[in-house]
Amino acid sequence: MIRDAISHLRAGGPARPDLADAVEELAQQRFRGWAGVEGEAITFRADRDLLARVGEGRLNQVAVDGCTRFLSGTLEPTETVRGPAEQKARTSVRISSDLLARVETRCKELSAKLGWTVRPVNVFVAAFEQDAPATRE
């Protein structure tokens, strides 16, 4: 798969989200060990359009802010749905271990109340949805 991605990048061609995801995953593995980077990396798939509207450089801060609002009760998690693979992109955010542990505890509490399994990714997506500007038609 990586050799396919390299060839595709060298020769160009139509978009190949699967190859982009493979290269991105390798990059994340490579940079996990950077010194000075705090927190735990959480990798997940989300709607490409939503991620683009938030902006790659802002994803982490929006996720952290969303976690804080979730814990204070001012952000409700979004129940995510499966969609076509080509509409989803692999991404990751880095959340401090302490904050993530508190979010996971709150997620477990809410799961029983809401009747579906709430995960931190549901909090991230809710934060992205509130932060992202509306799609222009």
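Rules used throughout
- Residues numbered from 1 in each chain as written.
- Predicted model: local features only at pLDDT ≥ 70, side-chain atom pairs only at ≥ 80, totals over all residues.
- Heavy atoms only, no water.
- Axes fitted to C-alpha atoms, helices over the stretch in contact; angles between N-to-C directions.
- Helix = DSSP H or I, 4+ residues; strand = E, 2+ residues; numbered from the N terminus.
- Parallel < 35°, antiparallel > 145°, perpendicular 65-115°, else oblique.
- Contact = heavy atoms within 4.5 Å.
- Nonpolar A, V, L, I, M, F, W, Y, C, P; charged D, E, K, R; others polar.
- Phe/Tyr/Trp six-rings, centres within 6.5 Å; stacked < 30°, edge-to-face > 60°.
- Buried < 20%, exposed > 50% of the residue type's maximum accessible area, 1.4 Å probe, protein only.
- Expected span 1.5 Å × (residues − 1).
- Core = buried A, V, L, I, M, F, W, Y, C linked by side-chain atoms within 4.5 Å.

### What to know about the packing of helix α4 (residues 59-72) against helix α6 (residues 120-131)
For any two helices packed against each other, the geometry comes down to the angle between their axes and how far apart the axes lie. With their axes 8 Å apart at the nearest point, α4 and α6 run at an angle of 110° to one another. With respect to each other, α4 and α6 are oriented roughly perpendicular. Residue-level contacts link Leu59, Val62, Ala63, Gly66, Cys67, Arg69 and Phe70 of α4 to Val123, Phe124, Ala127, Phe128, Gln130 and Asp131 of α6. Its residues placed into classes, the contact of α4 with α6 shows nine nonpolar, two polar and two charged.

### Section: the packing of aromatic side chains
According to the stated counting rule, one finds two aromatic pairs in the structure shown. On the basis of an interplanar angle of 40° and a centroid distance of 5.5 Å, the ring pair of Phe44 and Phe124 is categorised as tilted. Of this pair, Phe44 sits in strand β1 (residues 40-47) while Phe124 sits in helix α6, placing them 80 residues apart in sequence. A centroid spacing of 6.4 Å and a plane angle of 25° characterise the contact between Phe44 and Phe128, whose relative ring orientation is stacked. Within this pair, whereas Phe44 is found in strand β1, its partner Phe128 is found in helix α6, the two being separated by 84 residues in sequence. In this structure, Phe44 and Phe128 share a single accessibility class: buried. Among the aromatic residues, ring-to-ring pairing joins Phe44, Phe124 and Phe128 into one connected group.

### Focus on α4
Along its 14 residues, α4 runs 20 Å from first to last C-alpha, staying within 8% of the 20 Å computed at 1.5 Å per residue. Residues of α4 that are buried make contact with α3 (48-54), β2 (88-95), α5 (97-114) and α6. Gly73 sits one or two residues past α4 and shows a positive phi near 90°.

### Section: the nonpolar core
Phe44, Val93, Ile95, Phe124 and Phe128 are the most contacted members of the largest nonpolar core, which totals 30 residues. Looking at this core, the elements that each hand over two or more residues are β1, α3, α4, β2, α5 and α6. Looking at this core, the element that brings in the most residues is α6, giving seven residues. Excluding its chain neighbours within four sequence positions, the residues that come into contact with Ile95 are Gly39, Glu40, Ile42, Ala63, Val64, Cys67, Leu100 and Phe124.

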